[in-house]
Number of protein chains: 2
Amino acid sequence: MTSLNQIGKQAQIAARQLAILDTASKNKGLIAMANALIANQATILTANKQDLANANEMPKKFLDRLMLNEQRITDMANGLRSIAQLSDPTAQIDRGWISADGLQIIQRRVPLGVIGIIFEARPNVTADAAGLTFKSGNAVILRGGKEALQTNLAIAKVLREALTQSGLPADAIQMIADPSHQSAQEMMNLTQYIDVLIPRGGRGLIQRVVKTATVPVIETGAGNCHVYVDRDADLEMATAIAVNAKVQRPSVCNAAEKLLIHKDIAKQYLPTITHALIDHGVQLRGDETAREIVPEIIPATAEDWDTEYNDLIMAVKVVDSLDAAITHINDHSTHHSETIITNNLERGRKFQEQIDSACVYVNASTRFTDGGMFGFGAEIGISTQKLHARGPMGLHQLTTIKYEITGNGQVRK
Amino acid sequence: MTSLNQIGKQAQIAARQLAILDTASKNKGLIAMANALIANQATILTANKQDLANANEMPKKFLDRLMLNEQRITDMANGLRSIAQLSDPTAQIDRGWISADGLQIIQRRVPLGVIGIIFEARPNVTADAAGLTFKSGNAVILRGGKEALQTNLAIAKVLREALTQSGLPADAIQMIADPSHQSAQEMMNLTQYIDVLIPRGGRGLIQRVVKTATVPVIETGAGNCHVYVDRDADLEMATAIAVNAKVQRPSVCNAAEKLLIHKDIAKQYLPTITHALIDHGVQLRGDETAREIVPEIIPATAEDWDTEYNDLIMAVKVVDSLDAAITHINDHSTHHSETIITNNLERGRKFQEQIDSACVYVNASTRFTDGGMFGFGAEIGISTQKLHARGPMGLHQLTTIKYEITGNGQVRK
């Protein structure tokens, strides 16, 4: 088995080659990868059957994420084809100027270098992440969950062969074949070779990486998102948005977990919204005031306000004022996405200004926090930290800058 | 003594207030801080005398960094006044667009929140860092070295009083009064309150923070910088640049530590440049080939190529080609600043494209890597990592983005 150090070294060499590759060659590689996935789907499905057989004691939800079929492989291939159509961020010069000393300073966009991705069960991450990192000129080291190991290795092998056949460096895409705890630890500390780590998966995985890694990490995907219905909201709109934000896809990070309601409309509105949510199968938990108005609401514990359910559960709180809503959200949110429903311009502005989250909405569902919905074309994750990238991360967020400075003999006085 | 948790909480409250403060009020605060430094210089100098007395066993170089006088306090005050004149990055909207669903998406520039700064002996960092973080709308928690504790506390007290007298939140600037190892550890893990940590000081300090902190860190200040003299260089220019990059201020991170020379010009040029450097008091270490040409050069060890001397020492290597120079630099550099001296356009472009460092020069001294020289007005440090900020960090790099999204009832299909 190749040592992680060796994998890192190979990735760094590939990254240097990728950094100077033109856009057309990268697109050629992406199309070759897409074609290879289709051509080799039998092999990939055989590997996947093996993983599924080994994992047959796992919950059904888990097996569904792990399972591939022809349609899912076609989707992965189409994903790579659409990445080929996106514009290349590293073909961009951000700005340039002449300094006081007459130096021409150009701020270029360049790849980050080597990106490490630690992820859980979904094997489609292998193709998606490889496509995005490749298009942005980065080498990638992938480490998937042990349950998907055979599938991930099969996909990576197909992608690497496609690169080789296109005359491109196969080591741009490497999958770690050792799914042990120790290999993850080593990867998190491979500062010599890995420039950035992006964990993708549940809260447990992400927190472990954030706490352990010495390689810089981009934290993604935690979403304790709030819907706040202000006193002068359009209540029909509020119901449509709250229901959409909660139930349209409850398992994802931009789904709403909390509903705050201004006290002036609580008596009138709470029964309506409660029953709309219950009709959609949502279990409601709430504070005292909410429960006095609608007894079907079960009591919320202090812990509820900080919990991301990723399920058909929502906690409801009646707040005294817009300020109280803002304070509650800033104190309990994971700083992902929040929305206010209001017809009052000033109150909408205040909410957007004072809420400290990546995406702050007025009169729209939190479910729009998504690279595709934003028009970024594809996304590698949604950052909930403030450094480097915040909110949906597309190709641009997989790049950094470099200053190219040209003089004619300048020395510093 | 206030607990670090309490300090964090206070900083977060202040940060929320600062985030919505207008530029004029922030500038008023900066001017008040500058005036207060001058008005209270006697108190600050008394505290400084106490620190100097306690540190009298330390090396002279160290004491010089620690020592304040009227001129140095005036410089700190003028620094704050010039920060007041810089434009406010958080008054900026980067871009905006209408999404396919009709959402208006605005990408605003906002403060990072709470910035932690861990630094060593120079007490002027207290005023500089407080000024830059305040202007960019951030609260700051400062932790200086124990040798400068009384001075740092005196400066922070003066700055905080100036804020209070201006009706601004004093907790925007907090200095940790406990200089123990434990307080530093706690600070590095205060993820609940600190958004970013910026260590300022020697390599030991920075590496300790990078290795230990769970709060996101921006790594600054390591500079193993290279000057490469290509075969078709203007040799007079090369000498001027190499000497300037090495000796103009050898203790700083953008000073050159290594000199690479193309083999075709080594015999002719090496004696000239060697003697120019020796005349400026530089000790030269070199590889075999260099030593055969100039016997005064002492042998370099393998370790030399990775060492940042911060002193009048330079290691010289003769390289076979431009490619060899690029590979050597990418393998040994700290990715800070490198320069090529060449008259060949294509070779200059190749060097700039393939060198993986923050600042890559053609025909200019590495000493220009500096926020002031770049025209950023002031700098909080020079980032040698690729995430978030790379190269000189001014006010802009102390901010992040927020998406403000306004709709009219959009839900996701």
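Scope of this entry: the structure provided in the associated data block. (Residues numbered from 1 in each chain as written. Chains lettered and ligands numbered in written order. Predicted model: local features only at pLDDT ≥ 70, side-chain atom pairs only at ≥ 80, totals over all residues. Heavy atoms only, no water.)

**Digging into the overall build of chain A**
For clarity, the threshold we go by: Secondary structure elements follow DSSP: runs of H or I no shorter than four residues count as helices, runs of E no shorter than two count as strands, and numbering proceeds from the N terminus. Atoms considered for the radius of gyration are the C-alpha atoms alone. The globule rule reads 2.2 Å times the number of residues to the power 0.38. Relative accessible area decides the class of each residue, using a 1.4 Å probe on protein chains only: under 20% of the type maximum gives buried, over 50% gives exposed, and in between gives partly exposed. When checking whether two residues touch, look at their non-hydrogen atoms; a contact exists if any pair is within 4.5 Å. With residues, only the protein chains shown are counted as cover, and all accessible areas are computed by Shrake-Rupley using a 1.4 Å probe.
Within chain A, the secondary structure is distributed over 15 helices and 16 strands. Scaling as 2.2 N^0.38, a compact globule of 413 residues should have a C-alpha radius of gyration of about 22 Å, and chain A matches this with 24 Å. For chain A, the spread of C-alpha atoms along the three principal axes comes to 70 × 70 × 35 Å. The 413 residues of chain A split such that 58% are buried. Long-range pairs, those at least 24 residues apart, make up 72% of the contacts in chain A with a sequence separation of at least 6. A total of about 15,800 Å² of accessible surface is found on chain A, and carbon and sulfur atoms cover 49% of it.

**Overview of the interface of chain B and chain A**
Selection rule: Using a 1.4 Å probe, buried area is obtained as the accessible area two parts lose upon being combined, added over both of them. Counted as salt bridges are all cases of a side-chain nitrogen of Lys or Arg within 4 Å of a carboxyl oxygen of Asp or Glu. Polar contact criterion, stated in full: a pair of N or O atoms within 3.5 Å, where within protein one must be able to donate a hydrogen and the other to accept it, and residues adjacent in sequence count only if both atoms are side-chain atoms. Each residue is assigned to one class: nonpolar for Ala, Val, Leu, Ile, Met, Phe, Trp, Tyr, Cys and Pro, charged for Asp, Glu, Lys and Arg, and polar for all the others, Gly among them.
On the chain A side, the residues contacting the 70 residues of chain B number 69 residues. Counting the surface lost from both chain B and chain A, the interface buries some 5,800 Å², and carbon and sulfur atoms represent 54% of this. When the buried area of chain B at its contact with chain A is split by residue, Leu387, Tyr403 and Arg412 of chain B rank highest and sum to 14% of it. On the surface where chain B and chain A come into contact, there are eight salt bridges. On inspection of chain B and its partner chain A, the count reaches 48 residue pairs in polar contact (both at pLDDT 80 or more). In terms of residue count, strand S16 (residues 399-410) of chain B provides more of the side of chain B that touches chain A than any other element does, 11 residues in total. Residue classes in the side of chain B that touches chain A are distributed as 31 nonpolar, 22 polar and 17 charged.

**Re a positive patch on the surface**
Rule in force here: Residues enter a patch when their relative accessible area is above 30% and they make no salt bridge; the linking distance is 9 Å between like charges and 5 Å between nonpolar side chains (Val, Leu, Ile, Met, Phe, Trp, Tyr). Residues scored as charged are limited to Lys and Arg (positive) and Asp and Glu (negative), so that His and the chain ends carry no count. To locate a charge, take atom NZ for lysine, CZ for arginine, CG for aspartate or CD for glutamate.
Taken together, the side chains of Lys61, Arg65, Arg122 and Arg249 of chain A define a basic patch exposed on the protein surface. In this structure, Arg249 of chain A sits in the loop between helix H10 (235-247) and strand S8 (256-262).

**Let's talk about the environment of Pro169 of chain B**
Residue and element names in this part refer to chain B. Along the chain, the position of Pro169 falls in the loop between helix H7 (149-165) and strand S5 (173-175). Judged by its relative accessible area of 15%, Pro169 is buried. Taking C-alpha positions, Pro169 is 7.9 Å from Leu18, a pair spaced 151 residues apart along the chain. Leaving out residues up to four positions away in the same chain, Pro169 has contacts with Ala14, Gln17, Leu18 and Leu163.

**Here's the deal with the sheet that holds strand S10 (residues 298-299) of chain A**
Convention followed: Each pair of strands is called paired provided DSSP finds at least two bridges between the two strands. Structural elements are reduced to axes, namely lines fitted to C-alpha atoms, with helices fitted over the stretch in contact, and the angle between N-to-C directions of any two is expressed from 0 to 180 degrees.
Judged by pairing direction, the sheet is mixed, and its 10 strands sit side by side in the order S10(A)-S9(A)-S11(A)-S8(A)-S7(A)-S12(A)-S13(A)-S16(B)-S2(B)-S1(B) without closing on themselves. Two strands lie at the open edges of the sheet, namely S10 of chain A together with strand S1 (93-98) of chain B, each paired on one side alone. The pairing of strand S9 (residues 283-286) of chain A with strand S11 (residues 313-319) of chain A spans four bridges and is classified as parallel. Each residue of the ladder has a partner; that of Gly286 of chain A, found in S11 of chain A, is Val316 of chain A. Contacting strand S7 (225-229), S8, S11 and strand S12 (337-341) of chain A, helix H13 (residues 322-332) of chain A runs over the sheet at an angle of about 175 degrees to S7 of chain A. On the sheet, helix H14 (residues 345-354) of chain A packs against S7, S8, S12 and strand S13 (359-364) of chain A together with strand S2 (104-111) and S16 of chain B and is oriented at approximately 145 degrees with respect to S16 of chain B.

**Observations regarding helix H6 (residues 124-135) of chain A**
Residue and element names in this part refer to chain A. As a reminder, the rule being used: Here, expected helix span is obtained from the residue count minus one, scaled by 1.5 Å.
Over its 12 residues, H6 runs 17 Å from end to end, which matches the ideal 16 Å to within 8%, given 1.5 Å per residue. Burial of H6 is extensive: 10 of the 12 residues sit out of reach of the surface. Along H6, the positions that sit buried rather than exposed are Val125, Thr126, Ala127, Ala129, Ala130, Gly131, Leu132, Thr133, Phe134 and Lys135. Phi turns positive, to about 85 degrees, at Gly137, one or two residues after H6.

**Re the relation of the copies chain B and chain A**
Filter applied, for reference: A residue counts toward the fit only if its pLDDT is at least 70 in both copies, and the copies are then superposed by least squares on the C-alpha atoms of those residues.
For these two chains of identical sequence, chain B goes onto chain A by a turn of 180 degrees and a shift of 0.0 Å along the axis, with RMSD 0.0 Å. Those values place the two copies in the arrangement expected of a two-fold rotation axis. Across chain B, the smallest distance between a C-alpha and the rotation axis is recorded for His388 of chain B, namely 1.8 Å. Interface overlap between copies: 99% of the residues of chain B at the interface are likewise at the interface in chain A, consistent with a symmetric, same-surface contact.

**Topic: unusual backbone geometry**
The phi torsion of most residues other than glycine is negative, and most of the peptide bonds are trans. Its identity as a non-glycine residue notwithstanding, His335 of chain A has a phi of 65 degrees, on the positive side. Relative accessible area serves as the criterion here: at 25%, His335 of chain A is assigned to the partly exposed category.

**Let's talk about the sheet that holds strand S5 (residues 173-175) of chain A**
Residue and element names in this part refer to chain A. Spatially, four strands are ordered S5-S4-S3-S6 in an open sheet, and the strand pairing comes out parallel. Each end of this open sheet is capped by a strand with a single partner; those strands are S5 and strand S6 (196-200). Neighbour-to-neighbour, the strand axes of this sheet turn through a mean angle of 20 degrees, independent of strand direction. Strand direction decides the pairing type here: strand S3 (residues 114-119) and S6, joined by five bridges, are parallel. Each residue of the ladder has a partner; that of Ile115, found in S6, is Val196. Here helix H1 (residues 4-19) sits on the sheet and contacts S3, strand S4 (139-143) and S5; the angle it forms with S4, its principal contact strand, is near 145 degrees. Along the sheet, helix H7 (residues 149-165) makes contact with S3 and S5, crossing S5 at roughly 155 degrees.

**Details of H10 of chain A**
Residues and elements named next belong to chain A. Between its first and last C-alpha atoms H10 spans 18 Å; for 13 residues at 1.5 Å apiece the expected length is 18 Å, and the two agree. Among the 13 residues of H10, 10 are classified as buried, and the element is accordingly described as predominantly covered. For H10, every residue scored as buried is listed here: Met237, Ala238, Thr239, Ile241, Ala242, Val243, Asn244, Ala245, Lys246 and Val247. Residue Asp234 occupies the N-cap position of H10, its side-chain oxygen lying 3.1 Å from the main-chain nitrogen of Glu236.

**Some words on the environment of Met188 of chain A**
All names here are of chain A. Along the chain, Met188 falls in helix H8 (residues 181-188). For the pair formed by Met188 and Ile298, sequence separation is 110 residues and the distance between their alpha carbons is 42 Å. Not counting residues within four places of it along the chain, the set of residues in contact with Met188 comprises Ile118, Leu197, Arg208, Val209, Thr212, Ala213, Thr214 and Val215.

**Focus: the pairing of S16 of chain B**
Most of S16 of chain B sits inside the fold, with nine of its 12 residues counted as buried. In the sheet, S13 of chain A pairs with S16 of chain B via five bridges, with the strands oriented parallel. From the neighbouring strand, Val360 of chain A faces S16 of chain B, where its bridge partner is Glu404 of chain B. Sheet topology note: the S2 of chain B/S16 of chain B ladder contains eight bridges and is antiparallel. Looking across to S16 of chain B, one finds that Ile105 of chain B is bridged to Ile405 of chain B.

Worth remembering: the numbers are spatial, not functional.
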